[in-house]
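# Topology and contacts: notes
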Amino acid sequence: MMTMINRLTVVEGKEEEFRRVVSDISAYMRAQPGFLGHRLHRSVNRPAVYVETAQWRDAESHRSAMRGEGFRQNVQRLAGLASAEPDIFETLED
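Residues numbered from 1 in each chain as written. Predicted model: local features only at pLDDT ≥ 70, side-chain atom pairs only at ≥ 80, totals over all residues. Heavy atoms only, no water.

Once that is clear, we can look at the overall build of the protein chain. Across its full length, the protein chain holds three helices and four strands. For 94 residues, the compact-globule formula gives about 12 Å, and the C-alpha radius of gyration of the protein chain, at 13 Å, lands near that figure. By its C-alpha atoms, the protein chain is 35 × 35 × 15 Å across when sized along the principal axes. Here the protein chain holds 94 residues, and 35% of them are scored as buried. Averaging the locations of the 13 positively and 14 negatively charged side chains of the protein chain gives two centres separated by 4 Å. (Helix = DSSP H or I, 4+ residues; strand = E, 2+ residues; numbered from the N terminus. Rg over C-alpha atoms; globule rule 2.2 N^0.38 Å. Buried < 20%, exposed > 50% of the residue type's maximum accessible area, 1.4 Å probe, protein only. Lys, Arg positive; Asp, Glu negative; His and termini not counted. Charge placed at Lys NZ, Arg CZ, Asp CG, Glu CD.)

What follows is the structure in structure tokens.
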């Protein structure tokens, strides 16, 4: 199993629109082969900072989903709403 972890810093005043876009991206990803789950967290101390996690069967499943037009269209909507720092992590210890 692989986990995508994405730290996002949202532009002030854009939180509601950001949440809508993330919801749309999540709906697209849920329909993709290899998708296992998704969570969105918000910092208590810095409410503009979010951490998104998504579990995938393997890194190739995630890469394949990101190549889809549905993903690219939705991710473009994030431009101007948040800066993102995504990466894929492997689980070493449970």
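So, next bit.
Now for the layout of surface pockets. A volume near 350 Å³ is recorded for the largest pocket. Around the largest pocket, the lining comprises 23 residues; the ones closest to its centre are Met4, Asn6, Glu52, Phe71 and Val75. Of all the elements in the fold, those that place two or more residues in the lining of the largest pocket are strand E1 (2-10), helix H1 (15-30), strand E2 (35-42), strand E3 (49-56), helix H2 (59-67), helix H3 (69-78) and strand E4 (82-90). The element best represented in the lining of the largest pocket is E4, accounting for five residues. For the lining of the largest pocket, the class distribution of residues is 17 nonpolar, four polar and two charged. (1 Å grid on protein atoms, 1.4 Å probe; cavity = no way out; pocket = protein on both sides within 12 Å on 5 of 7 lines; lining within 4 Å. Points joined across faces, edges and corners; volume = space filled by probe spheres on them. Nonpolar A, V, L, I, M, F, W, Y, C, P; charged D, E, K, R; others polar.)

Inspection of the entire model under this criterion finds six salt bridges. A salt bridge links aspartate 24 to arginine 77; the shortest N-O distance between them is 2.9 Å. In this pair, aspartate 24 sits in helix H1 while arginine 77 sits in helix H3, placing the two residues 53 residues apart along the sequence. Here arginine 77 falls in the partly exposed class, since its relative accessible area comes to 37%. Put simply, arginine 57 and aspartate 58 hold a salt bridge, and the shortest N to O gap is 3.4 Å. What makes arginine 57 partly exposed here is its relative accessible area of 49%. (Salt bridge = Lys/Arg side-chain N within 4 Å of Asp/Glu carboxyl O.)

Assignment of secondary structure puts serine 61 in helix H2. Beyond its immediate sequence surroundings of up to four residues, serine 61 is in contact with Pro33, Gly34 and Trp56. (Contact = heavy atoms within 4.5 Å.)

Moving on, we get to a nonpolar patch on the surface. Taken together, Ile5, Val51 and Phe89 make up a surface patch of nonpolar side chains, about 200 Å² in accessible area. By the element assignment, valine 51 lies in strand E3. Judged by relative accessible area, which is 30%, valine 51 ranks as partly exposed. (Patch = residues over 30% accessible without salt bridge, like charges linked within 9 Å, V, L, I, M, F, W, Y side chains within 5 Å. Areas by Shrake-Rupley, 256 points an atom, 1.4 Å probe, with all protein chains shown as cover.)

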